[in-house]
Amino acid sequence: MECRIFEERLDVFVAGNLPAEERRAAEEHLGECARCRTLLSLVRGEEALAPQEEEGLILSILNTTSGTACANATLLLCDWIDACLPQDDCEMLSLHLDHCRDCRALAAALQELKECLPGMAEIEPDESFTDRVLAATVGLPRRAWHDRPRPDSLQWWRRLLRRPRFAWEAAYIGALLFLPALGSPARLPLDAPEVTQASRAVMRSGGQILQETAAALTERGKTATRSIRDLQLQTRTVLTATAQSQGRTASAVRRKASSMLDRLMRNLLGNSPVKERQDVPQPQNRQQPPPAPNHRPA
Amino acid sequence: MDSVERRRKMDLSLILNRCKSGDALAWEALVRRFQGRIYGVAVHYVGNPEDARDLAQEVFVRIYENLETCTDAGLFLPWLIRITRNACIDHLRRRKARAHGKDVALDQIAEPADSRDTPEQQWTDNSRKRLIHRALQELTELNREMILLKEIQGMQLDEIASLLKVPLGTVKSRSNRARIELAQKVMALSCER
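Cut-offs applied
Residues numbered from 1 in each chain as written. Chains lettered and ligands numbered in written order. Predicted model: local features only at pLDDT ≥ 70, side-chain atom pairs only at ≥ 80, totals over all residues. Heavy atoms only, no water. Helix = DSSP H or I, 4+ residues; strand = E, 2+ residues; numbered from the N terminus. Buried < 20%, exposed > 50% of the residue type's maximum accessible area, 1.4 Å probe, protein only. Contact = heavy atoms within 4.5 Å. Areas by Shrake-Rupley, 256 points an atom, 1.4 Å probe, with all protein chains shown as cover. Core = buried A, V, L, I, M, F, W, Y, C linked by side-chain atoms within 4.5 Å. Domains from an automatic or database assignment. Phe/Tyr/Trp six-rings, centres within 6.5 Å; stacked < 30°, edge-to-face > 60°. Salt bridge = Lys/Arg side-chain N within 4 Å of Asp/Glu carboxyl O.

Caption draft 1: Region of the structure containing the overall build of chain A. Scanning chain A from terminus to terminus reveals 13 helices and zero strands. If you list the helices and strands of chain A from N to C, you get α-α-α-α-α-α-α-α-α-α-α-α-α. When burial is assessed residue by residue, chain A has 27% of its 298 residues classed as buried. In chain A, the share of contacts with a sequence separation of at least 24, taken over all contacts with a separation of at least 6, comes to 60%. Roughly 20,900 Å² of accessible area belongs to chain A as shown, and the carbon and sulfur atoms make up 55% of that amount.

Caption draft 2: Representation of the nonpolar core. Counting 77 residues, the largest nonpolar core has B:Trp27, B:Leu30, B:Phe60, B:Ile63, B:Phe76 and B:Leu182 as its most contacted members. Looking at which domains feed residues into this core, each of domain 1 (1-104) and domain 2 (107-193) of chain B gives three or more. When residues no more than four places from it in sequence are discounted, the contact partners of B:Phe76 are B:Leu12, B:Leu16, B:Leu30, B:Phe34, B:Ile63, B:Leu67 and B:Cys70. Judged by nonpolar contacts, the second largest core, of nine residues, contains A:Phe6, A:Leu10, A:Phe13 and A:Leu40.

Caption draft 3: Representation of the packing of aromatic side chains. The full count for this structure, using the stated rule, is six aromatic pairs over all chains. Members of the aromatic cluster, each reached through a chain of ring pairs, are A:Phe129, B:Trp27, B:Phe60 and B:Tyr64.

Caption draft 4: The side chain of B:Thr84, seen in detail. Residues and elements named next belong to chain B. By the secondary structure assignment, Thr84 is in helix 5 (residues 76-95). With relative accessibility at 2%, the residue Thr84 sits in the buried group. Thr84 has contacts with Ile38, Val41, Ala42 and Val59, leaving out every residue within four places of it along the chain.

Caption draft 5: Local environment of the pattern of salt bridges. Counting across every chain of the model gives 17 salt bridges over all chains. A salt bridge links A:Glu122 to B:Arg37, with the nearest nitrogen and oxygen atoms 4.0 Å apart. Taken together, the residues A:Glu122 in the loop between helix 7 (101-116) and helix 8 (128-137) and B:Arg37 in helix 3 (residues 24-46) connect one chain to another. Both residues of the pair, A:Glu122 and B:Arg37, belong to the buried class. Bridged by salt links that share partners, the residues A:Asp82, A:Lys114, B:Lys150, B:Glu151 and B:Arg179 form one connected network.

If you want it as C-alpha coordinates, here you go:
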(Lines give C-alpha, C1' and ligand atoms only; values in the text may rest on other atoms or scores of the structure.)
Protein backbone atom coordinates (compact mmCIF):
# COMPACT_ATOMS: atom_id res chain seq x y z
CA MET A 1 0.00 0.00 0.00
CA GLU A 2 1.27 3.45 -0.85
CA CYS A 3 1.31 6.36 1.56
CA ARG A 4 -1.32 8.27 -0.48
CA ILE A 5 -3.77 5.37 -0.32
CA PHE A 6 -3.09 4.92 3.40
CA GLU A 7 -3.84 8.62 4.03
CA GLU A 8 -7.10 8.30 2.10
CA ARG A 9 -8.20 5.24 4.14
CA LEU A 10 -6.87 6.52 7.44
CA ASP A 11 -10.27 7.53 8.85
CA VAL A 12 -11.80 4.15 8.00
CA PHE A 13 -8.73 2.39 9.41
CA VAL A 14 -8.95 4.27 12.70
CA ALA A 15 -12.70 3.55 12.91
CA GLY A 16 -11.95 -0.20 12.38
CA ASN A 17 -14.21 -0.48 9.34
CA LEU A 18 -11.55 -1.36 6.78
CA PRO A 19 -12.03 -4.73 4.98
CA ALA A 20 -9.73 -7.48 6.22
CA GLU A 21 -7.54 -7.57 3.12
CA GLU A 22 -6.97 -3.80 3.04
CA ARG A 23 -6.43 -3.76 6.78
CA ARG A 24 -3.67 -6.29 6.45
CA ALA A 25 -2.02 -4.26 3.67
CA ALA A 26 -2.29 -1.10 5.82
CA GLU A 27 -0.64 -2.82 8.79
CA GLU A 28 2.16 -4.06 6.57
CA HIS A 29 2.65 -0.49 5.29
CA LEU A 30 2.71 0.86 8.85
CA GLY A 31 5.47 -1.59 9.68
CA GLU A 32 7.57 -0.16 6.88
CA CYS A 33 6.70 3.61 6.93
CA ALA A 34 7.63 5.73 9.96
CA ARG A 35 5.84 8.83 8.58
CA CYS A 36 2.50 7.06 8.37
CA ARG A 37 3.04 5.64 11.88
CA THR A 38 3.49 9.20 13.18
CA LEU A 39 0.43 10.30 11.28
CA LEU A 40 -1.63 7.48 12.79
CA SER A 41 -0.49 8.30 16.31
CA LEU A 42 -1.34 11.97 15.76
CA VAL A 43 -4.80 11.10 14.52
CA ARG A 44 -5.38 8.80 17.48
CA GLY A 45 -4.25 11.59 19.81
CA GLU A 46 -1.42 9.47 21.19
CA GLU A 47 1.18 12.09 20.25
CA ALA A 48 1.00 15.89 20.32
CA LEU A 49 2.67 18.25 17.89
CA ALA A 50 5.56 20.36 19.04
CA PRO A 51 4.52 24.03 19.57
CA GLN A 52 6.45 25.25 16.53
CA GLU A 53 5.02 22.50 14.36
CA GLU A 54 1.55 23.30 15.65
CA GLU A 55 1.96 26.99 14.73
CA GLY A 56 3.20 25.99 11.31
CA LEU A 57 0.26 23.65 10.88
CA ILE A 58 -2.25 26.35 11.90
CA LEU A 59 -0.63 28.86 9.56
CA SER A 60 -0.69 26.46 6.64
CA ILE A 61 -4.36 25.65 7.35
CA LEU A 62 -5.23 29.37 7.51
CA ASN A 63 -3.27 30.12 4.37
CA THR A 64 -5.08 27.46 2.41
CA THR A 65 -8.52 28.46 3.76
CA SER A 66 -9.43 31.97 4.94
CA GLY A 67 -6.01 33.60 5.13
CA THR A 68 -4.57 35.08 8.29
CA ALA A 69 -6.91 36.91 10.63
CA CYS A 70 -4.58 39.87 11.17
CA ALA A 71 -6.69 42.24 9.04
CA ASN A 72 -9.81 41.49 11.06
CA ALA A 73 -7.87 41.72 14.30
CA THR A 74 -6.50 45.12 13.31
CA LEU A 75 -10.02 46.42 12.78
CA LEU A 76 -10.96 45.44 16.33
CA LEU A 77 -7.79 46.59 18.04
CA CYS A 78 -8.91 50.19 18.65
CA ASP A 79 -12.14 49.10 20.32
CA TRP A 80 -10.19 46.53 22.32
CA ILE A 81 -7.82 49.24 23.57
CA ASP A 82 -10.81 51.46 24.40
CA ALA A 83 -12.41 48.50 26.26
CA CYS A 84 -15.61 48.76 24.27
CA LEU A 85 -15.37 45.46 22.42
CA PRO A 86 -18.05 42.79 22.97
CA GLN A 87 -16.97 39.89 25.17
CA ASP A 88 -16.93 37.29 22.36
CA ASP A 89 -14.77 39.40 20.10
CA CYS A 90 -12.57 40.25 23.04
CA GLU A 91 -11.82 36.59 23.76
CA MET A 92 -11.15 35.73 20.13
CA LEU A 93 -8.90 38.75 19.72
CA SER A 94 -6.98 37.88 22.88
CA LEU A 95 -6.44 34.37 21.52
CA HIS A 96 -5.13 35.83 18.27
CA LEU A 97 -2.85 38.25 20.08
CA ASP A 98 -1.38 35.40 22.12
CA HIS A 99 -0.09 33.84 18.93
CA CYS A 100 0.53 36.80 16.58
CA ARG A 101 3.62 38.85 17.33
CA ASP A 102 2.88 41.62 14.81
CA CYS A 103 -0.61 42.29 16.10
CA ARG A 104 0.70 42.19 19.66
CA ALA A 105 3.25 44.88 18.81
CA LEU A 106 0.59 46.98 17.11
CA ALA A 107 -1.67 46.67 20.15
CA ALA A 108 1.20 47.77 22.40
CA ALA A 109 1.84 50.80 20.19
CA LEU A 110 -1.84 51.72 20.25
CA GLN A 111 -1.92 51.42 24.02
CA GLU A 112 1.11 53.67 24.31
CA LEU A 113 -0.47 56.26 22.01
CA LYS A 114 -3.63 56.21 24.07
CA GLU A 115 -1.58 57.14 27.11
CA CYS A 116 0.70 59.68 25.39
CA LEU A 117 -1.58 61.62 23.04
CA PRO A 118 -3.81 63.35 25.63
CA GLY A 119 -0.65 64.78 27.18
CA MET A 120 0.03 66.64 23.93
CA ALA A 121 -3.24 68.59 24.07
CA GLU A 122 -1.74 71.60 25.76
CA ILE A 123 1.43 73.38 24.75
CA GLU A 124 2.11 76.38 26.87
CA PRO A 125 3.17 79.49 24.96
CA ASP A 126 5.82 81.79 26.35
CA GLU A 127 5.25 83.92 29.42
CA SER A 128 4.43 87.11 27.53
CA PHE A 129 1.52 85.49 25.67
CA THR A 130 -1.09 86.12 28.38
CA ASP A 131 -0.06 89.76 28.70
CA ARG A 132 -0.33 90.23 24.96
CA VAL A 133 -3.80 88.72 24.86
CA LEU A 134 -4.98 90.82 27.79
CA ALA A 135 -3.56 93.95 26.18
CA ALA A 136 -5.25 93.11 22.88
CA THR A 137 -8.65 92.64 24.48
CA VAL A 138 -8.68 95.66 26.77
CA GLY A 139 -11.49 97.99 25.86
CA LEU A 140 -12.78 95.83 23.04
CA PRO A 141 -16.56 95.97 22.60
CA ARG A 142 -18.36 92.72 23.24
CA ARG A 143 -21.20 91.59 21.02
CA ALA A 144 -24.45 90.29 22.44
CA TRP A 145 -25.99 87.24 20.80
CA HIS A 146 -28.50 89.38 18.94
CA ASP A 147 -25.80 91.76 17.73
CA ARG A 148 -24.01 89.19 15.65
CA PRO A 149 -23.07 90.65 12.28
CA ARG A 150 -25.26 89.38 9.51
CA PRO A 151 -23.66 89.03 6.09
CA ASP A 152 -25.12 91.47 3.61
CA SER A 153 -26.16 90.35 0.17
CA LEU A 154 -23.10 91.75 -1.57
CA GLN A 155 -20.77 89.80 0.70
CA TRP A 156 -22.90 86.72 0.16
CA TRP A 157 -22.54 87.01 -3.61
CA ARG A 158 -18.81 87.62 -3.34
CA ARG A 159 -18.38 84.54 -1.19
CA LEU A 160 -20.49 82.56 -3.66
CA LEU A 161 -18.33 83.66 -6.58
CA ARG A 162 -15.13 82.80 -4.75
CA ARG A 163 -16.20 79.20 -4.20
CA PRO A 164 -14.15 76.80 -6.35
CA ARG A 165 -17.17 74.87 -7.56
CA PHE A 166 -19.01 77.98 -8.73
CA ALA A 167 -17.82 77.49 -12.34
CA TRP A 168 -19.25 73.96 -12.42
CA GLU A 169 -22.54 75.08 -10.96
CA ALA A 170 -22.82 77.97 -13.43
CA ALA A 171 -22.06 75.64 -16.35
CA TYR A 172 -24.73 73.21 -15.17
CA ILE A 173 -27.39 75.89 -14.81
CA GLY A 174 -26.40 77.36 -18.18
CA ALA A 175 -26.79 73.97 -19.82
CA LEU A 176 -30.22 73.56 -18.22
CA LEU A 177 -31.32 76.93 -19.63
CA PHE A 178 -29.67 76.40 -23.03
CA LEU A 179 -31.28 73.09 -23.92
CA PRO A 180 -34.96 74.09 -23.67
CA ALA A 181 -34.26 77.41 -25.41
CA LEU A 182 -32.32 76.14 -28.41
CA GLY A 183 -33.19 72.48 -28.53
CA SER A 184 -31.04 69.43 -28.40
CA PRO A 185 -28.02 69.34 -30.73
CA ALA A 186 -28.82 65.70 -31.51
CA ARG A 187 -30.30 64.89 -34.92
CA LEU A 188 -34.01 64.20 -35.07
CA PRO A 189 -35.14 60.88 -36.51
CA LEU A 190 -36.78 60.98 -39.94
CA ASP A 191 -40.16 59.91 -38.59
CA ALA A 192 -40.16 62.59 -35.87
CA PRO A 193 -43.28 64.81 -35.91
CA GLU A 194 -41.14 67.91 -36.44
CA VAL A 195 -39.60 66.52 -39.64
CA THR A 196 -42.94 65.37 -41.04
CA GLN A 197 -44.55 68.72 -40.29
CA ALA A 198 -41.72 70.67 -41.90
CA SER A 199 -41.78 68.46 -44.99
CA ARG A 200 -45.51 69.04 -45.44
CA ALA A 201 -45.03 72.78 -45.14
CA VAL A 202 -42.34 72.67 -47.80
CA MET A 203 -44.59 70.64 -50.11
CA ARG A 204 -47.42 73.10 -49.71
CA SER A 205 -45.27 76.17 -50.33
CA GLY A 206 -43.49 74.47 -53.27
CA GLY A 207 -46.79 73.52 -54.90
CA GLN A 208 -48.10 77.04 -54.38
CA ILE A 209 -45.04 78.58 -56.01
CA LEU A 210 -45.34 76.28 -58.99
CA GLN A 211 -49.04 77.04 -59.42
CA GLU A 212 -48.48 80.77 -59.28
CA THR A 213 -45.48 80.57 -61.61
CA ALA A 214 -47.39 78.50 -64.16
CA ALA A 215 -50.29 80.93 -63.98
CA ALA A 216 -47.93 83.85 -64.53
CA LEU A 217 -46.29 82.13 -67.49
CA THR A 218 -49.66 81.29 -69.02
CA GLU A 219 -50.65 84.90 -68.75
CA ARG A 220 -47.49 85.82 -70.65
CA GLY A 221 -48.44 83.39 -73.40
CA LYS A 222 -45.87 80.75 -72.66
CA THR A 223 -46.72 77.11 -72.03
CA ALA A 224 -45.27 75.05 -69.23
CA THR A 225 -43.41 71.97 -70.39
CA ARG A 226 -44.95 69.74 -67.74
CA SER A 227 -48.10 69.73 -65.77
CA ILE A 228 -48.15 71.10 -62.24
CA ARG A 229 -49.18 67.74 -60.86
CA ASP A 230 -46.11 66.03 -62.31
CA LEU A 231 -43.88 68.66 -60.81
CA GLN A 232 -45.44 68.27 -57.37
CA LEU A 233 -44.94 64.51 -57.47
CA GLN A 234 -41.34 64.84 -58.51
CA THR A 235 -40.64 67.40 -55.82
CA ARG A 236 -42.05 65.10 -53.12
CA THR A 237 -39.97 62.17 -54.40
CA VAL A 238 -36.77 64.17 -54.42
CA LEU A 239 -37.33 65.55 -50.92
CA THR A 240 -38.17 62.20 -49.41
CA ALA A 241 -35.15 60.55 -51.01
CA THR A 242 -32.85 63.29 -49.87
CA ALA A 243 -34.10 63.23 -46.31
CA GLN A 244 -33.85 59.44 -46.11
CA SER A 245 -30.37 59.27 -47.60
CA GLN A 246 -28.86 62.08 -45.53
CA GLY A 247 -30.88 61.97 -42.32
CA ARG A 248 -31.08 65.73 -41.97
CA THR A 249 -32.92 67.73 -39.33
CA ALA A 250 -36.07 69.74 -40.01
CA SER A 251 -34.19 72.93 -40.86
CA ALA A 252 -31.82 71.07 -43.18
CA VAL A 253 -34.76 69.48 -44.99
CA ARG A 254 -36.33 72.93 -45.40
CA ARG A 255 -33.14 74.40 -46.88
CA LYS A 256 -32.69 71.43 -49.13
CA ALA A 257 -36.26 71.67 -50.35
CA SER A 258 -35.88 75.35 -51.15
CA SER A 259 -32.78 74.75 -53.23
CA MET A 260 -34.45 71.84 -55.01
CA LEU A 261 -37.46 73.97 -55.84
CA ASP A 262 -35.20 76.67 -57.13
CA ARG A 263 -33.41 74.20 -59.35
CA LEU A 264 -36.66 72.76 -60.63
CA MET A 265 -37.91 76.19 -61.49
CA ARG A 266 -34.70 76.96 -63.39
CA ASN A 267 -35.02 73.73 -65.38
CA LEU A 268 -38.70 74.45 -65.96
CA LEU A 269 -38.08 77.92 -67.30
CA GLY A 270 -34.97 77.05 -69.27
CA ASN A 271 -32.57 78.86 -66.92
CA SER A 272 -34.60 82.05 -67.19
CA PRO A 273 -34.61 84.17 -64.01
CA VAL A 274 -37.48 83.37 -61.69
CA LYS A 275 -39.67 86.16 -60.47
CA GLU A 276 -38.83 86.62 -56.84
CA ARG A 277 -41.60 86.36 -54.30
CA GLN A 278 -41.68 88.68 -51.33
CA ASP A 279 -43.70 86.38 -49.06
CA VAL A 280 -41.54 83.26 -49.52
CA PRO A 281 -38.10 83.23 -47.87
CA GLN A 282 -35.32 82.78 -50.42
CA PRO A 283 -32.55 80.29 -49.70
CA GLN A 284 -29.51 81.99 -48.31
CA ASN A 285 -27.03 79.60 -49.79
CA ARG A 286 -27.16 79.73 -53.56
CA GLN A 287 -24.61 76.99 -53.92
CA GLN A 288 -26.38 73.94 -55.32
CA PRO A 289 -26.13 70.85 -53.12
CA PRO A 290 -25.11 67.59 -54.79
CA PRO A 291 -28.17 65.72 -56.09
CA ALA A 292 -29.45 62.65 -54.33
CA PRO A 293 -28.40 59.29 -55.77
CA ASN A 294 -31.84 58.61 -57.23
CA HIS A 295 -32.50 62.17 -58.32
CA ARG A 296 -33.14 62.88 -61.98
CA PRO A 297 -33.38 66.51 -62.96
CA ALA A 298 -36.68 67.45 -64.50
CA MET B 1 -1.12 72.95 44.40
CA ASP B 2 0.61 74.34 41.32
CA SER B 3 -0.90 76.89 38.99
CA VAL B 4 -1.87 74.33 36.31
CA GLU B 5 -3.98 72.32 38.74
CA ARG B 6 -5.42 75.46 40.28
CA ARG B 7 -6.56 76.63 36.86
CA ARG B 8 -8.28 73.34 36.12
CA LYS B 9 -10.16 73.20 39.39
CA MET B 10 -11.94 76.50 38.88
CA ASP B 11 -15.57 76.25 37.87
CA LEU B 12 -15.82 77.10 34.19
CA SER B 13 -19.43 78.28 34.23
CA LEU B 14 -18.60 80.67 37.08
CA ILE B 15 -15.62 82.04 35.16
CA LEU B 16 -17.73 82.48 32.04
CA ASN B 17 -20.49 84.29 33.88
CA ARG B 18 -18.03 86.66 35.50
CA CYS B 19 -16.30 87.23 32.17
CA LYS B 20 -19.64 88.16 30.65
CA SER B 21 -20.24 90.64 33.41
CA GLY B 22 -16.93 92.32 32.56
CA ASP B 23 -14.66 90.91 35.27
CA ALA B 24 -11.08 91.36 34.03
CA LEU B 25 -9.74 88.93 36.63
CA ALA B 26 -12.04 86.18 35.39
CA TRP B 27 -11.03 86.89 31.80
CA GLU B 28 -7.38 86.53 32.74
CA ALA B 29 -8.18 83.23 34.46
CA LEU B 30 -9.98 82.04 31.36
CA VAL B 31 -7.05 83.00 29.13
CA ARG B 32 -4.57 81.27 31.40
CA ARG B 33 -6.72 78.18 31.56
CA PHE B 34 -7.17 77.70 27.82
CA GLN B 35 -4.12 79.33 26.27
CA GLY B 36 -2.19 76.05 26.23
CA ARG B 37 -5.10 74.27 24.58
CA ILE B 38 -5.60 76.89 21.88
CA TYR B 39 -1.90 77.28 21.25
CA GLY B 40 -1.54 73.48 21.06
CA VAL B 41 -4.31 73.17 18.47
CA ALA B 42 -2.85 76.02 16.45
CA VAL B 43 0.65 74.50 16.54
CA HIS B 44 -0.68 71.18 15.32
CA TYR B 45 -2.57 72.82 12.50
CA VAL B 46 -0.11 75.40 11.21
CA GLY B 47 3.11 73.73 12.34
CA ASN B 48 4.86 76.99 13.04
CA PRO B 49 5.23 78.35 16.60
CA GLU B 50 5.25 82.03 15.58
CA ASP B 51 2.17 81.76 13.39
CA ALA B 52 0.48 79.65 16.05
CA ARG B 53 1.12 82.33 18.68
CA ASP B 54 -0.40 85.05 16.50
CA LEU B 55 -3.35 82.83 15.67
CA ALA B 56 -3.95 81.96 19.31
CA GLN B 57 -4.01 85.66 20.16
CA GLU B 58 -6.45 86.30 17.31
CA VAL B 59 -8.65 83.47 18.58
CA PHE B 60 -8.76 84.95 22.06
CA VAL B 61 -9.83 88.29 20.61
CA ARG B 62 -12.65 86.53 18.76
CA ILE B 63 -13.65 84.69 21.91
CA TYR B 64 -13.70 87.91 23.88
CA GLU B 65 -15.91 89.59 21.30
CA ASN B 66 -18.34 86.69 21.03
CA LEU B 67 -18.36 85.46 24.60
CA GLU B 68 -22.05 86.28 24.98
CA THR B 69 -22.95 83.77 22.29
CA CYS B 70 -21.63 80.86 24.33
CA THR B 71 -24.42 80.05 26.74
CA ASP B 72 -23.42 76.55 27.87
CA ALA B 73 -20.16 75.92 29.72
CA GLY B 74 -20.25 72.29 28.58
CA LEU B 75 -20.05 73.39 24.96
CA PHE B 76 -17.30 75.93 25.57
CA LEU B 77 -14.35 73.70 24.68
CA PRO B 78 -15.81 72.40 21.37
CA TRP B 79 -16.71 76.02 20.53
CA LEU B 80 -13.15 77.07 21.33
CA ILE B 81 -11.67 74.35 19.15
CA ARG B 82 -14.08 75.21 16.35
CA ILE B 83 -13.00 78.86 16.38
CA THR B 84 -9.33 77.87 16.51
CA ARG B 85 -9.71 75.41 13.67
CA ASN B 86 -11.51 77.94 11.50
CA ALA B 87 -8.84 80.56 12.18
CA CYS B 88 -6.08 78.08 11.36
CA ILE B 89 -7.74 76.98 8.13
CA ASP B 90 -8.22 80.60 7.09
CA HIS B 91 -4.56 81.21 7.83
CA LEU B 92 -3.45 78.17 5.86
CA ARG B 93 -5.61 79.19 2.92
CA ARG B 94 -4.03 82.58 2.95
CA ARG B 95 -0.62 81.00 3.06
CA LYS B 96 -1.61 78.56 0.30
CA ALA B 97 0.32 75.81 1.97
CA ARG B 98 -2.33 73.80 3.67
CA ALA B 99 -1.12 70.49 2.34
CA HIS B 100 2.12 70.33 4.25
CA GLY B 101 2.93 72.27 7.35
CA LYS B 102 6.49 72.81 8.38
CA ASP B 103 8.00 70.53 10.96
CA VAL B 104 7.53 71.90 14.37
CA ALA B 105 10.70 72.28 16.32
CA LEU B 106 9.49 71.04 19.65
CA ASP B 107 12.62 72.35 21.32
CA GLN B 108 11.45 75.86 20.53
CA ILE B 109 8.13 75.31 22.25
CA ALA B 110 8.06 75.76 25.97
CA GLU B 111 6.25 72.81 27.48
CA PRO B 112 4.89 72.64 30.99
CA ALA B 113 7.33 70.90 33.24
CA ASP B 114 5.77 68.53 35.70
CA SER B 115 7.57 68.87 38.98
CA ARG B 116 6.72 65.28 39.94
CA ASP B 117 8.74 63.78 37.07
CA THR B 118 12.43 63.12 37.35
CA PRO B 119 14.68 64.62 34.64
CA GLU B 120 15.17 61.15 33.13
CA GLN B 121 11.44 60.63 32.99
CA GLN B 122 10.96 64.04 31.38
CA TRP B 123 13.66 63.31 28.80
CA THR B 124 12.08 59.96 27.93
CA ASP B 125 8.66 61.54 27.66
CA ASN B 126 9.93 64.33 25.45
CA SER B 127 11.80 61.99 23.14
CA ARG B 128 8.70 59.83 22.87
CA LYS B 129 6.59 62.90 22.10
CA ARG B 130 9.06 63.95 19.42
CA LEU B 131 8.78 60.52 17.87
CA ILE B 132 4.98 60.68 17.93
CA HIS B 133 5.11 64.17 16.51
CA ARG B 134 7.28 63.01 13.64
CA ALA B 135 4.88 60.17 12.98
CA LEU B 136 1.99 62.63 13.06
CA GLN B 137 3.65 64.75 10.41
CA GLU B 138 3.81 61.71 8.14
CA LEU B 139 0.07 61.12 8.32
CA THR B 140 -2.36 62.44 5.76
CA GLU B 141 -3.97 65.75 6.63
CA LEU B 142 -7.31 64.11 7.26
CA ASN B 143 -5.91 61.45 9.59
CA ARG B 144 -3.79 64.01 11.41
CA GLU B 145 -6.82 66.18 12.04
CA MET B 146 -8.76 63.18 13.29
CA ILE B 147 -5.99 62.27 15.73
CA LEU B 148 -5.71 65.88 16.85
CA LEU B 149 -9.41 66.32 17.54
CA LYS B 150 -10.25 62.95 19.03
CA GLU B 151 -7.14 61.52 20.63
CA ILE B 152 -5.23 64.68 21.53
CA GLN B 153 -8.01 67.16 22.27
CA GLY B 154 -10.40 64.49 23.50
CA MET B 155 -13.44 65.67 21.58
CA GLN B 156 -16.45 63.38 21.39
CA LEU B 157 -17.32 61.65 18.13
CA ASP B 158 -20.58 63.58 17.68
CA GLU B 159 -18.76 66.88 18.29
CA ILE B 160 -16.19 65.99 15.63
CA ALA B 161 -18.95 64.94 13.23
CA SER B 162 -20.65 68.29 13.75
CA LEU B 163 -17.38 70.17 13.36
CA LEU B 164 -16.24 68.38 10.21
CA LYS B 165 -19.79 68.00 8.85
CA VAL B 166 -19.43 64.26 8.21
CA PRO B 167 -21.59 61.36 9.46
CA LEU B 168 -20.89 59.89 12.87
CA GLY B 169 -20.00 56.46 11.48
CA THR B 170 -17.49 58.01 9.12
CA VAL B 171 -15.81 59.81 12.00
CA LYS B 172 -15.52 56.59 13.98
CA SER B 173 -14.07 54.55 11.13
CA ARG B 174 -11.71 57.36 10.12
CA SER B 175 -10.58 57.78 13.68
CA ASN B 176 -9.76 54.09 14.04
CA ARG B 177 -7.92 54.03 10.74
CA ALA B 178 -5.93 57.10 11.74
CA ARG B 179 -4.94 55.50 15.06
CA ILE B 180 -3.80 52.32 13.37
CA GLU B 181 -1.81 54.27 10.81
CA LEU B 182 -0.18 56.41 13.48
CA ALA B 183 0.72 53.32 15.53
CA GLN B 184 2.29 51.70 12.49
CA LYS B 185 4.28 54.87 11.75
CA VAL B 186 5.49 55.05 15.34
CA MET B 187 6.57 51.41 15.18
CA ALA B 188 8.42 52.01 11.92
CA LEU B 189 10.17 55.11 13.29
CA SER B 190 11.11 53.26 16.48
CA CYS B 191 12.73 50.53 14.40
CA GLU B 192 14.73 53.12 12.44
CA ARG B 193 16.27 54.51 15.59
